[in-house]
Amino acid sequence: MRATAACLAAALLALPAIASAQAMKGTPGAAAVTTGRGVGVVTALDAKAAKVTIKHGPIPAVGWPAMTMTFKATPPTLLKGIRVGQTVAFDVRTKRMDAEVTAIQPH
């Protein structure tokens, strides 16, 4: 009887921690923001829409293989002086499926 009561008490004490962890998984704002640095070649540029397409190598810090991807530039003025065909080093910030370039320099 004591063992059953002790097990029940332990289970009840653990419930708030389990519920909190489960709630965070489904919370829209709980997604982690990751950052990384990449190097690639600018393949397209739309300064008016503040978008840049870069064919880049792997970016291990955000778990990406080499690929070509279009990014939003934040702030849009980052793209001033950048041109198609140029090799660039860039900082990226990701949250879920959203990715944005936060810094970009000719390389």
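Because the structure is a prediction, the values reported are computed rather than measured.

1. Observations concerning unusual backbone geometry
The linkage connecting Thr-74 with the following residue, Pro-75, adopts the cis geometry, with an omega of 0°. Note on placement: Pro-75 falls in the loop between β3 (67-73) and β4 (87-95). Its identity as a non-glycine residue notwithstanding, Ala-50 has a phi of 60°, on the positive side. Within the chain, Arg-96 stands out as a residue other than glycine whose phi angle is a positive 55°. Along the polypeptide, Arg-96 turns up in the loop between β4 and β5 (98-106).

2. Looking at the pairing of β5
With 2 bridges joining them, β3 and β5 adopt parallel strand pairing. Each bridged residue has a counterpart across the sheet, and for Ala-73 the counterpart in β5 is Val-101. Examined bridge by bridge, β4 and β5 share 8 bridges and lie antiparallel to one another. Each bridged residue has a counterpart across the sheet, and for Phe-90 the counterpart in β5 is Ile-104. What sits between the antiparallel neighbours β4 and β5 is a turn of 2 residues, in which Arg-96 has the positive phi angle 55°.

Rules and cut-offs
- The residue numbers shown here count from 1 along each chain, following its written sequence.
- Predicted model: local features are reported for residues with pLDDT of at least 70 only, side-chain atom pairs are reported and counted for 80 or more only, and whole-chain, interface and lining totals are derived from all residues.
- Side-chain calculation: all heavy atoms of the structure are included, whereas hydrogens and water are not.
- Secondary structure elements are defined from DSSP: runs of H or I of at least 4 residues count as helices, runs of E of at least 2 residues count as strands, and each element is numbered from the N terminus.
- Two strands are said to pair when DSSP picks up at least two bridges between them.

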